[in-house]
Amino acid sequence: MHKSKAFAAASASSPLALTTIDRREPTEHDVQIEILFCGVCHSDLHQARNEWSGLFPTVYPCVPGHEMVGRVTKVGSAVSRFKAGDLAAVGCLVDSDGSCPECKAGFEQFCPNITLTYNSPDTHLGGVTYGGYSDGIVVDQRFVLRVPSNLNPAGAAPLLCAGITTYSPIRHWGVAKGKKVGVIGLGGLGHMGVKFAHALGAHVVVFTTSPGKKADALRLGADEVVLSNNANEMQKHAGSLDFILDAVSANHDINAYLRMLRRDGTITLVGAPEKPLSVNAFGLIFGRHSISGSPIGGIAETQEMLDFCGTHNITSDVEVIPIQKINEAYDRMLKSDVKYRFSIDMASIRS
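Residues numbered from 1 in each chain as written. Predicted model: local features only at pLDDT ≥ 70, side-chain atom pairs only at ≥ 80, totals over all residues. Heavy atoms only, no water.

Caption draft 1: A look at the overall build of the protein chain. For the protein chain, the count of helices and strands is 12 helices and 17 strands. The C-alpha extent of the protein chain, read off along each of the three principal axes, is 60 × 40 × 35 Å. Relative to its full complement of 351 residues, the protein chain shows a buried share of 54%. Sequence-distant contacts in the protein chain: of pairs separated by 6 or more residues, those separated by 24 or more amount to 65%. If you sum the accessible surface of the protein chain, you get close to 15200 Å²; carbon and sulfur atoms cover 53% of it. (Helix = DSSP H or I, 4+ residues; strand = E, 2+ residues; numbered from the N terminus. Buried < 20%, exposed > 50% of the residue type's maximum accessible area, 1.4 Å probe, protein only. Contact = heavy atoms within 4.5 Å. Areas by Shrake-Rupley, 256 points an atom, 1.4 Å probe, with all protein chains shown as cover.)

Next up, the structure:
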């Protein structure tokens, strides 16, 4: 083992603070990475404050972070895909059983025995895994990804969660040129959905409750912006959309958006409202509409997403912060006071 610097929450009510954690020495299949940037995800806040105690109870100390871009510093003897000096990335998963039907199909995100990047049982050291709010990490090469050299590392880091969370359903549901696509909510997830749908050639409509976001939505690639609390604007798009990406985590009326779908249209949830959504059955029956949900993607699809971003020069819009401002960033994130993701410059933890 070796020691790494990290920022951790000691309890649900304590601020994140500097500490040291154990990292394993690389085994023959491992890649050791010096973390350069780590994105800040809303789930980091939920986990640090134990707000998902019913599903994912937090074990303390908790070191969040699952959107990492870094530089390879050491590789094990059996590693063939990476070498010291390579730019690499780690997302939400660091292991799976590799033998279940989901893993064999390339859907590691659905493996019943996945190891999440943080707050999962650590099969190597015991205790739980620690995430990217640290100076380095050691990961099996199967869960390490290549980062296109033309991408800004700070903006590329959030692609490992916000990027793949939106890319995966957009690809699965066939978004392409000739399709009309809606994106509900222009936040950390929504702004990536706009960029991907636009790059794939779709006609993109952003639904928002904030008039002030119109200019930004158009800048990001939207063709139209609809104020969802304006009945006349909503009516103009009724029955016209092939696919809607719902990136809103607050409670909202999903029936209003079901009416926007064409026959056989689908709404996919990537936001996770706290309370169950109430759905009018006739909104599904008439039009043969569907509601689906989607998490992150598998490793191969995540690499596909990064390569797509390299080809189209897509990164997340980020505000770069030092790790010492992470507690302030959490407070601002609750107020939606960021465009559109925080990215931590991990050089700050080394200094």
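Caption draft 2: The arrangement of the packing of aromatic side chains in detail. Taken as a whole and judged by the stated rule, the model has 7 aromatic pairs. Aromatic pair F207 and Y257: ring centres 5.5 Å apart, planes at 80°, arrangement edge-to-face. One end of the pair, F207, is in strand β11 (residues 203-208); the other, Y257, is in helix α8 (residues 255-258), with 50 residues separating them in the sequence. Classification of Y257 by relative accessible area gives buried; the value is 7%. Ring geometry for F282 against F286: centres 5.7 Å apart, planes inclined by 15°, an arrangement best described as stacked. Classification of F282 by relative accessible area gives exposed; the value is 52%. Among the aromatic residues, ring-to-ring pairing joins Y167, F196 and F308 into one connected group. (Phe/Tyr/Trp six-rings, centres within 6.5 Å; stacked < 30°, edge-to-face > 60°.)

Caption draft 3: Quick peek at unusual backbone geometry. In this chain, Y60 is followed by P61 through a cis amide linkage whose omega measures 0°. The topology assignment puts P61 in the loop between α1 (42-48) and β4 (68-75). A cis geometry characterises the amide bond from K339 onward to Y340, with omega recorded as -10°. Inspection of the secondary structure assignment puts Y340 in the loop between α11 (326-334) and β17 (341-345). For N50, which is not glycine, the phi torsion reads 55° and is therefore positive.

Caption draft 4: Main features of the packing of helix α4 (residues 162-172) against helix α10 (residues 299-312). One can describe the packing of α4 onto α10 by two numbers: an axis separation of 10 Å at closest approach and a directional angle of 100°. Comparing their axes, α10 and α4 come out roughly perpendicular. Across the interface between the two elements, G163, I164, Y167, S168 and R171 of α4 pack against E301, T302, E304, M305 and F308 of α10. Within the contact of α4 with α10, the residues separate by chemical class into 4 nonpolar, 3 polar and 3 charged. (Axes fitted to C-alpha atoms, helices over the stretch in contact; angles between N-to-C directions. Parallel < 35°, antiparallel > 145°, perpendicular 65-115°, else oblique. Nonpolar A, V, L, I, M, F, W, Y, C, P; charged D, E, K, R; others polar.)

Caption draft 5: Inspection of the packing of α4 against helix α5 (residues 190-199) at higher detail. Their axes nearest at 9 Å, the elements α4 and α5 cross at an angle of 45°. Classified by the angle their axes make, α4 and α5 are oblique. As α4 runs across α5, the sense of the crossing is right-handed. Listed contacts from α5 to A162, G163, T166, Y167 and I170 of α4 are M192, G193, F196 and A197. Taken together, the residues of the contact of α4 with α5 sort by class into 6 nonpolar, 3 polar and no charged. (Left-handed = near helix turned anticlockwise from the far one by under 90°.)

Caption draft 6: Just α4, in detail. Of all 11 residues in α4, 9 are buried; the element is thus mostly enclosed. Next to the buried residues of α4 lie α5, β13 (241-246), β14 (261-269), α10 and β17. Immediately beyond the C-terminal end of α4, within one or two residues, lies G174, with a positive phi of roughly 75°.

Caption draft 7: Geometry of the environment of M1. Relative to the elements of secondary structure, M1 occurs in the segment before β1 (2-8). On the basis of relative accessibility, which here comes to 63%, the residue M1 falls in the exposed class. Remark: the alpha-carbon pair of M1 and L227, spanning 226 residues in sequence, is separated by 54 Å. Discounting residues that sit within four places of it in the chain, M1 has contacts with D22, R23, R24, E25 and L125.

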